[in-house]
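Geometric and topological summary
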Amino acid sequence: MRIGVLGTGNMADALATHWVRAGHDVAVGGRDIRKAERLAARVGGGAKPAGLRAAAEFGQVVLAALPYGAGSGVVGELRAALHGKGLIDCSNPIGPGFRLLTPGGVSAARQLAAAAPEAHVVKAFNLCHEDVWRMSPPVFDGRPLAVPVCGDDGAALALVHELVRDAGCEPVAGGGLERAGLLEATAALFIGLWVGEGADAQAIAPPLSYATGPGHEVDQEFRATPSTR
């Protein structure tokens, strides 16, 4: 597929590298075309440098690899170019003290959706450091990294699930876009545990077979996502 990347930072680098290796056509877009040229050359695989608007117009799906606080403005400027397209938000609105910066509880993903209401925003790729995404593939103890994905449009979700698999990971249905704020809060909690406390965040959850207590089966109602209940 054709993928437009908005941004020239570390997340753009890590994810675009996986996608060109999987055979997708990638356009790397930045306000500074020289930075876009350097990243496209580093990514390789025929990745093309472009301006932000050209990258948005190029992609069937578009990655917004932009810092929180800048994303809504950029996406608003590109609203027409993003019409009808899947728009992946991988940002984390986290400030000093590992606190959420989202005003009034409106997630970063929903702020992008408000800036470009004709786009289909999908929240994904926000729970790990960029160096994890550089792994080829991100596999731990023989198990591929699971990537929660939140969104409302079935076609956009299907494309993002494919891109998750192309990064060597397994997509996990995270529910509709209204749950994106939970993913962002999870990132704030995990980063605070990892970085602030030096704790293993993975150790806070029991295995799935124990999720409802020892000796109990995890029933279908517990497994179901909000969209299937």
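Residues numbered from 1 in each chain as written. Predicted model: local features only at pLDDT ≥ 70, side-chain atom pairs only at ≥ 80, totals over all residues. Heavy atoms only, no water.

1. Some thoughts on the side chain of Ser 107
Within the secondary structure, Ser 107 is located in the loop between strand 7 (99-100) and helix 5 (108-115). The class of Ser 107 is buried, set by a relative accessible area of 3%. In terms of polar contacts, Ser 107 uses its side chain to reach the backbone amide nitrogen of Arg 110, at 3.0 Å. What Ser 107 contacts, discounting residues up to four positions off in sequence, is Thr 102, Ala 180, Gly 181 and Glu 184. (Helix = DSSP H or I, 4+ residues; strand = E, 2+ residues; numbered from the N terminus. Buried < 20%, exposed > 50% of the residue type's maximum accessible area, 1.4 Å probe, protein only. Polar contact = N/O pair within 3.5 Å; in protein donor to acceptor, adjacent residues only side chain to side chain. Contact = heavy atoms within 4.5 Å.)

2. A word on the pattern of salt bridges
Under the criterion given, the structure shown has seven salt bridges. Here Glu 77 ties to Arg 31 by a salt bridge, and the two come within 3.2 Å at their closest N and O atoms. With Glu 77 in helix 4 (residues 71-77) and Arg 31 in the loop between strand 2 (25-29) and helix 2 (33-43), this pair connects stretches of sequence that are 46 residues apart. The exposed category is assigned to Arg 31, whose relative accessible area is 61%. In this structure, Lys 123 and Asp 89 form a salt bridge, with 2.7 Å as the shortest nitrogen-oxygen distance. Of this pair, Lys 123 sits in strand 8 (residues 120-123) while Asp 89 sits in strand 5 (residues 86-89), and the two are 34 residues apart along the sequence. This pair shows no difference in class: Lys 123 is buried, exactly as Asp 89 is. (Salt bridge = Lys/Arg side-chain N within 4 Å of Asp/Glu carboxyl O.)

3. What about helix 5?
Taken residue by residue, helix 5 has Ala 108, Ala 109, Gln 111, Leu 112 and Ala 115 as its buried positions. When helix 5 is viewed along its axis, its buried side chains cluster within an angular range of 160 degrees and face the same direction. (Arc of directions from axis to C-beta.)

4. Comments concerning the state of the cysteines
Taken as a whole, this structure holds zero disulfides when the rule is applied. The thiol of Cys 150 is not disulfide-bonded; the next cysteine sulfur, from Cys 90, is found 14 Å away. (Disulfide = S-S within 2.5 Å.)

5. Describing the confidence of the model for the chain
Per-residue confidence for the chain gives a mean pLDDT of 94; residues scoring 70 or more make up 94%. Low pLDDT, under 50, characterises residues 225-229; the predicted model gives this stretch five contacts beyond four residues in sequence or across chains. (pLDDT = per-residue confidence, 0-100.)

6. Focus: the pairing of strand 1 (residues 2-6)
Most of strand 1 sits inside the fold, with four of its five residues counted as buried. In terms of strand pairing, strand 1 meets strand 2 through five bridges, oriented parallel. In the sheet register, Val 5 faces strand 2, and the bridge partner there is Val 28. Tracing the backbone out of strand 1, into helix 1 (residues 10-21) and back to the parallel element strand 2 gives a crossover that is right-handed. Two elements, strand 1 and strand 4 (residues 61-64), share four bridges in a ladder whose sense is parallel. Looking at strand 4, one finds that Ile 3 is bridged to Val 61. (Pairing = 2+ DSSP bridges. Right-handed = clockwise from strand over helix to strand, strands pointing away.)

7. Details of the sheet that holds strand 3 (residues 48-50)
Two strands in a sheet stick together by hydrogen bonds in their backbones, pointing the same way (parallel) or opposite ways (antiparallel). Across the sheet, eight strands lie side by side as 3-2-1-4-5-8-11-12; this open sheet has mixed pairing. Edge positions in the open sheet fall to strand 3 and strand 12 (170-173), since each of these has one partner strand only. Taking each pair of neighbouring strands and ignoring which way they run, the sheet shows an average axis angle of 30 degrees. By the bridge criterion, four bridges tie strand 4 to strand 5 in an arrangement that is parallel. Looking at the pairing, Val 62 lines up with Leu 87 of strand 5. (Axes fitted to C-alpha atoms, helices over the stretch in contact; angles between N-to-C directions.)

8. Observations regarding the pairing of strand 12
When strand 11 (residues 146-151) meets strand 12, the two strands line up parallel, connected through four bridges. Its bridge partner lying in strand 12, Pro 148 is registered against Val 172.

9. Side note on the environment of Thr 186
Mapping Thr 186 onto the fold places it in helix 8 (residues 180-197). Its relative accessible area of 27% is what places Thr 186 among the partly exposed residues. A sequence separation of 94 residues divides Thr 186 from Asn 92, and the C-alpha atoms of the two residues are 9.9 Å apart.

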